[in-house]
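Reading the structure
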Amino acid sequence: MTLMPWNDTYRVGLDDIDAQHRWLFKATELLHEEMTKPIHSRAVIGDILEGLMDYTVNHFIMEEDLFERHGYPQAQAHKALHDQFTATVMKIMTEFEGGADIENEVLGLLNNWLIEHIMKVDSAYVPFLKDKGAFGLDSHQH
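Residues numbered from 1 in each chain as written. Predicted model: local features only at pLDDT ≥ 70, side-chain atom pairs only at ≥ 80, totals over all residues. Heavy atoms only, no water.

1. So, the confidence of the model for the protein
- Put simply, the protein has an average pLDDT of 85, and 93% of its residues get 70 or more.
- Here helix α4 (residues 103-131) stands out as the element of the protein with the lowest mean pLDDT, 85, in contrast to helix α3 (residues 75-97), whose mean of 92 is the highest.
- Overall, residues 138-142 carries pLDDT values under 50, and its contacts beyond four positions in sequence, including any with other chains, amount to eleven contacts. (pLDDT = per-residue confidence, 0-100. Helix = DSSP H or I, 4+ residues; strand = E, 2+ residues; numbered from the N terminus. Contact = heavy atoms within 4.5 Å.)

What follows is the structure, given as structure tokens:
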């Protein structure tokens, strides 16, 4: 599996969202590094999974709030993808807590999410939100 390192071509231009996307790239890299060790730590993998759940809650709420405030027409379809991802992460966490080896499953999920969702689906809302002036609302820009 080829991992994609973060670079600025993945930026959407909203600092908070970009910071969260960078975190997801880093978490995927850390998970991959841990899995390639001859003996990997379930504690480290568990910590990454917990961080992933926090990420999904916080990041998805932030995006969905932007969509609602600006009337993004694809908001429901985008939220459905978020819900599907969250449900898959919850399933993987349950399997992991039950002792299953989920590393390849979660890496595949994350890699697909980075390629399909962030690069394609998230990029699709950028022109709409720019037109609505959302990029001036970033919490890091005053």
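2. As for the environment of I92
- Its location among the elements puts I92 in helix α3.
- For I92, a relative accessible area of 1% gives the class buried.
- Here the alpha-carbon distance between I92 and N112, two residues 20 residues apart in the chain, equals 15 Å.
- Sequence-distant contacts of I92, that is, excluding residues within four places in its chain, are made with L49, I102, E105, V106 and L109. (Buried < 20%, exposed > 50% of the residue type's maximum accessible area, 1.4 Å probe, protein only.)

3. Some remarks on the packing of helix α2 (residues 42-70) against α4
- Two elements in contact, α2 and α4, have axes separated by 13 Å at closest approach and are oriented at 20°. Relative to α4, the element α2 lies roughly parallel. The crossing of α2 and α4 is left-handed. Only E103, V106, L110, W113, H117, I118, D122, Y125, F128 and L129 of α4 make contact with α2, whose side of the interface consists of I45, L49, L52, Y55, H59, F60, E63, L66, F67 and H70.
- A per-class count over the contact of α2 with α4 returns 14 nonpolar, three polar and three charged. (Axes fitted to C-alpha atoms, helices over the stretch in contact; angles between N-to-C directions. Parallel < 35°, antiparallel > 145°, perpendicular 65-115°, else oblique. Left-handed = near helix turned anticlockwise from the far one by under 90°. Nonpolar A, V, L, I, M, F, W, Y, C, P; charged D, E, K, R; others polar.)

4. Considerations on the packing of helix α1 (residues 15-35) against α2
- Between α1 and α2, whose axes approach to 10 Å, the crossing angle comes to 160°. Here α2 runs roughly antiparallel to α1, going by the angle between their axes. Our pair here, α1 against α2, has a crossing hand that is left-handed. For the pair formed by α1 and α2, the contact residues are D16, I17, Q20, H21, W23, L24, A27, L30, L31 and E34 on the first element and V44, I45, I48, G51, L52, Y55, N58, H59, M62, E63 and L66 on the second.
- Among the residues forming the contact of α1 with α2, the class breakdown is 13 nonpolar, five polar and three charged.

5. Regarding the packing of aromatic side chains
- The tally for this structure, following the rule as stated, stands at twelve aromatic pairs.
- A centroid spacing of 5.2 Å and a plane angle of 85° characterise the contact between W6 and F25, whose relative ring orientation is edge-to-face. One end of the pair, W6, is in the segment before α1; the other, F25, is in helix α1, and 19 residues separate them in sequence.
- Where F67 meets Y125, the ring centres are 5.1 Å apart and the plane angle is 65°; that geometry is what we call edge-to-face. Placement of the pair is F67 in helix α2 and Y125 in helix α4, with a sequence separation of 58 residues.
- Judged by relative accessible area, which is 2%, F67 ranks as buried. (Phe/Tyr/Trp six-rings, centres within 6.5 Å; stacked < 30°, edge-to-face > 60°.)

6. A short note on the nonpolar core
- L24, L31, L49, L52, F85 and V106 are the most contacted members of the largest nonpolar core, which has 26 residues in total.
- Of all elements in the fold, only α1, α2, α3 and α4 reach the threshold of two or more residues within this core.
- Among residues more than four places away in sequence, those in contact with L52 are W23, L24, F85, V89, V106 and L110.
- With 13 residues, the next largest nonpolar core counts V12, I17, F67 and V126 among its residues. (Core = buried A, V, L, I, M, F, W, Y, C linked by side-chain atoms within 4.5 Å.)

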